[in-house]
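Spelled out, the chains give:
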Amino acid sequence: MPSRSSKVVRLISTGWTSLAKTTKAPVELMQEALVSATSAVGINLSDIGGLIAVPSLADPHFMEAHYVATHMGILPAKNVVVRTVDTGGAGPVTALLAAKRMVEYEGVDCVAVVAGDAVRQLSGDEFLRRADQTCYHPASGLPSPVIPSGYDRIARYQMDKFGVTRAELAACSAVMSIMAAQHPLAMTKVPRTIEEVLASPPVASVTNLLECARRADGGAALLIASPRFLERKGIPSSTGAVIIGGGEASGPLYPPQLEDINEDMFSCEQATKLAYQEANVSVRDIDFFGLYDCYPVCLIRAVEAVGLADQGQGGRYILSKYHELVANPEKRPQDILPINTHGGLLAFGAPWEVPAMYNIIEAFHQITNTAGTRQIPNVRRALTYGNGGIFSHSAVAILGNGI
Ligand code: CAA
C-alpha cells in the first residue's frame, strides 16, 4: 500500500513572461515560461514526463500540446504523454487538476502545464473577428463584440434578479486596479475610480471599456510533481504547494436570451462545492482567493459561489471593499481584501486563455510566502477559479501548504 504522503501531488514551480506587447509567437512565450519554471527548481525539459497545453487564439494548432512538445523538443521521447485541454479560460485550472490525476493514476512523475497567447499582437479588428467566433451561434442573438455582449446580458440578469447596481459592477474594475498597482508585472500601474470606470467608452448596455478583460500577450507555466520525483531530483519534499482538491462543472457555450436565463446556466457554484468537498474545507479555511474576473459580473458571482458573500450580495460586498480601500490608503490592500492580489483579468492583464494561470501563480506565491509586498500573512490554503467562455465552464482548485 502506498503511504499517504506518497500520494501527495505538489505544484513545485511556476514561470511566466512579461505581459508587454511582443512579436513572439505563443509557443515561444510558453517555452520561455516553462524554462523559467524548470530552471527555478534545477531540472531540464527532458525530466518532464507529461505536458498539458491550452490552445491560443493568436496562433492555434491542431493538437496544441503535441505541437508545443514537438517545438520544444520534449517529443519525440519514450514515456512522454501530452494532452490538449480546451475549457476556455478555465483551461489552466482544468489542466492543473488533470496533471494531478496524471501523477496519481498514470504514473507520470512530473507534468508541465503551459499556456501562452499574443492577442495584443493582433489588430483590434482581427482580435474581434476571432474572439467573436468562439462563442458565436446564430441562436444566441449576441451582437459583436460577442463576448462583452454575452457578459453584459448576464450583468443585466444580475441587476434585474438581485438588484446589483451599475456602481457595484464598476467597483470590480476599480478594486482590481488597486490590487494591480502593487504588482510589478501588472499592465495597470495606476488605480482607477468608479467614476473613471463609468466614464470610459461604452461597449455594451451596462459594460464599459474598463470593465473588459485587458487584452495582453504572455505565457505561463506550472510544474506538478510526485514526492518520488522530488526525492530523485534532490528537491526538498516541502517545495511549493499541495494540490488538495478540485471540482469542475459546465454551462452552455452562450447564454439564453435575457428573459430565459435562470440559475441553471451557471457552474461555479457546483465546481466550488465539489472542490470544497474533495479538499474537505470550507470558505473559512481559505486565506487567498484567485477568482476569475474577465467582466465584473464574473467576479461578483464568484465571491458568492465561494461563500464570501450570500447569493445576490456579491456586488454589495465588492462595493463596500472599494470604499474601505479608498478610505484607508495607509492599509495594505490585501489586509482588506484577500482576492486577486495581482489584479486579475480586469487590471493585471488577460492573454486570452492564460489568465487563470496568474490566479494559480499568485496563489503559489501567497502559499510559499514569496508574494513580496502583496503577501497575506500565514496563507495555509488558497482557492483558484478559472472560467471558460461566457460562464461555459468552471474549474476550481484548492492548494495548501501541506501543514
Ligand atoms: N483596463 C485598462 N485599459 C484597458 C482595458 C482595461 N480593462 N481594456 C482595454 N483597455 C485599453 C487598451 O489597453 C487600449 O489602450 P492602448 O491603446 O493605450 O493600448 C484601449 O483601452 C483600447 O482597447 P482595445 O485596443 O482592445 O480596443 P478596441 O476598440 O479594439 O476593442 C473591446 C475594445 C472590444 C472592448 C476589446 O478590448 C475587447 O474585446 N476586450 C475584451 C477581451 C475579452 O473579452 N477577453 C476574453 C474575456 S472572457 C474569458 O476570459 C473567458 C475565455 O474563455 C477566454
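Cut-off values and rules
- Residues numbered from 1 in each chain as written.
- Predicted model: local features only at pLDDT ≥ 70, side-chain atom pairs only at ≥ 80, totals over all residues.
- Heavy atoms only, no water.
- Buried < 20%, exposed > 50% of the residue type's maximum accessible area, 1.4 Å probe, protein only.
- Helix = DSSP H or I, 4+ residues; strand = E, 2+ residues; numbered from the N terminus.
- Pairing = 2+ DSSP bridges.
- Phe/Tyr/Trp six-rings, centres within 6.5 Å; stacked < 30°, edge-to-face > 60°.
- Axes fitted to C-alpha atoms, helices over the stretch in contact; angles between N-to-C directions.
- Left-handed = near helix turned anticlockwise from the far one by under 90°.
- Contact = heavy atoms within 4.5 Å.
- Nonpolar A, V, L, I, M, F, W, Y, C, P; charged D, E, K, R; others polar.
- Near = heavy atom within 4 Å.
- Polar contact = N/O pair within 3.5 Å; in protein donor to acceptor, adjacent residues only side chain to side chain.
- Core = buried A, V, L, I, M, F, W, Y, C linked by side-chain atoms within 4.5 Å.
- Salt bridge = Lys/Arg side-chain N within 4 Å of Asp/Glu carboxyl O.

J.: Any chance you could explain the pairing of strand E8 (residues 241-250) here in plain terms?
T.: Look at any regular strand and the pattern is simple: side chains alternate between the two faces of the sheet. The buried fraction of E8 amounts to seven of the 10 residues, a majority that puts the element mostly inside the structure. Inspection of the sheet shows strand E1 (residues 10-16) paired to E8 by two bridges, in the antiparallel sense. Bridge pairing in E8 places Arg 10 opposite Val 242. Examined bridge by bridge, E8 and strand E11 (residues 393-400) share eight bridges and lie antiparallel to one another. Residue pairing in the sheet places Ala 249 in a bridge with Ser 394 of E11.

J.: What exactly am I supposed to notice about the packing of aromatic side chains here?
T.: How two aromatic rings sit relative to each other is given by the distance of their centres and the angle of their planes. For the structure shown, the criterion picks out 10 aromatic pairs. Aromatic side chains Phe 127 and Trp 352 sit 6.0 Å apart centroid to centroid with 85 degrees between the ring planes, which places their arrangement in the edge-to-face category. Taken as a pair, Phe 127 in helix H4 (residues 124-134) and Trp 352 in the loop between helix H13 (344-348) and helix H14 (355-367) lie far apart in primary sequence, 225 residues in all. As far as burial versus exposure is concerned, Phe 127 and Trp 352 are alike and both buried. Measuring from centroid to centroid gives 4.9 Å for Phe 348 and Tyr 358, while their planes differ by 65 degrees, and the two rings are edge-to-face. Taken as a pair, Phe 348 in helix H13 and Tyr 358 in helix H14 lie far apart in primary sequence, 10 residues in all. An identical accessibility class is assigned to Phe 348 and Tyr 358; each is buried.

J.: Teacher, can you tell me more about the packing of helix H1 (residues 26-40) against helix H2 (residues 64-71) here?
T.: Two quantities define a packed helix pair, namely the angle between the axes and the distance from one axis to the other. Running from N to C, H1 and H2 cross one another at 65 degrees; their axes reach a closest spacing of 10 Å. Here H1 and H2 pass one another in a crossing that is right-handed. Counted together, Val 27, Met 30 and Gln 31 of H1 and Glu 64, Tyr 67, Val 68 and His 71 of H2 form the full contact between these two elements. Its residues assigned to classes, the contact of H1 with H2 shows four nonpolar, two polar and one charged.

J.: I'm lost on the site of the ligand in this one. Help?
T.: In the vicinity of the ligand there are 23 residues, among which Gly 89, Arg 120, Cys 212, Tyr 292 and Tyr 295 approach most closely. One of the side-chain nitrogen or oxygen atoms of Arg 214 is found 3.5 Å away from a nitrogen atom of the ligand. Elements with a minimum of two residues in the shell around the ligand: H4, H13 and strand E10 (381-388). In the shell around the ligand, the residues fall into 13 nonpolar, six polar and four charged.

J.: Looking at this model, I keep getting lost on the nonpolar core. Mind explaining?
T.: Soluble, globular proteins show a tendency: their nonpolar side chains are buried together. The biggest cluster of nonpolar side chains holds 118 residues, and the ones touching the most others in it are Ile 224, Leu 291 and Leu 383. The dominant element in this core, judged by the number of residues it contributes, is helix H6 (residues 166-180), at 10 residues. Ignoring sequence-local partners within four residues, the contact set of Ile 224 consists of Val 9, Arg 10, Leu 11, Leu 96, Ala 99, Lys 100, Val 103, Asp 109, Cys 110, Val 111, Val 113 and Ile 243. Counting residues in hydrophobic clusters, the runner-up holds 29 residues, among them Ile 48, Cys 110, Val 114 and Leu 223.

J.: What am I meant to see in the pattern of salt bridges here?
T.: As a working rule, side chains carrying opposite charge can pair if their charged atoms are close by. Applying the stated criterion across every chain, the model contains 15 salt bridges. Salt-bridge contacts for Arg 166 lead to Glu 211; the nearest nitrogen and oxygen are separated by 2.5 Å. Of this pair, Arg 166 sits in helix H6 while Glu 211 sits in the loop between strand E6 (207-208) and strand E7 (217-225), and the two are 45 residues apart along the sequence. The residue Glu 324 makes a salt bridge to Lys 321 at a minimum N-O spacing of 4.0 Å. Separated by three residues within a single helix, Glu 324 and Lys 321 lie in helix H11 (residues 314-327), roughly one turn from each other.

J.: Could you clarify how one ought to interpret the sheet that holds E7 in this entry?
T.: Sheet strands pair by backbone hydrogen bonding; their relative direction is either parallel or antiparallel. The nine strands are arranged E3-E2-E4-E7-E1-E8-E11-E10-E9 in an open sheet whose pairing can be described as mixed. Bordering the open sheet on either side are strand E3 (81-84) and strand E9 (288-290), each of which pairs with just one other strand. Taking each pair of neighbouring strands and ignoring which way they run, the sheet shows an average axis angle of 25 degrees. Sitting on the sheet, H14 is in contact with E1, strand E4 (110-118), E7, E8, E9, E10 and E11, with an inclination near 120 degrees to E1.

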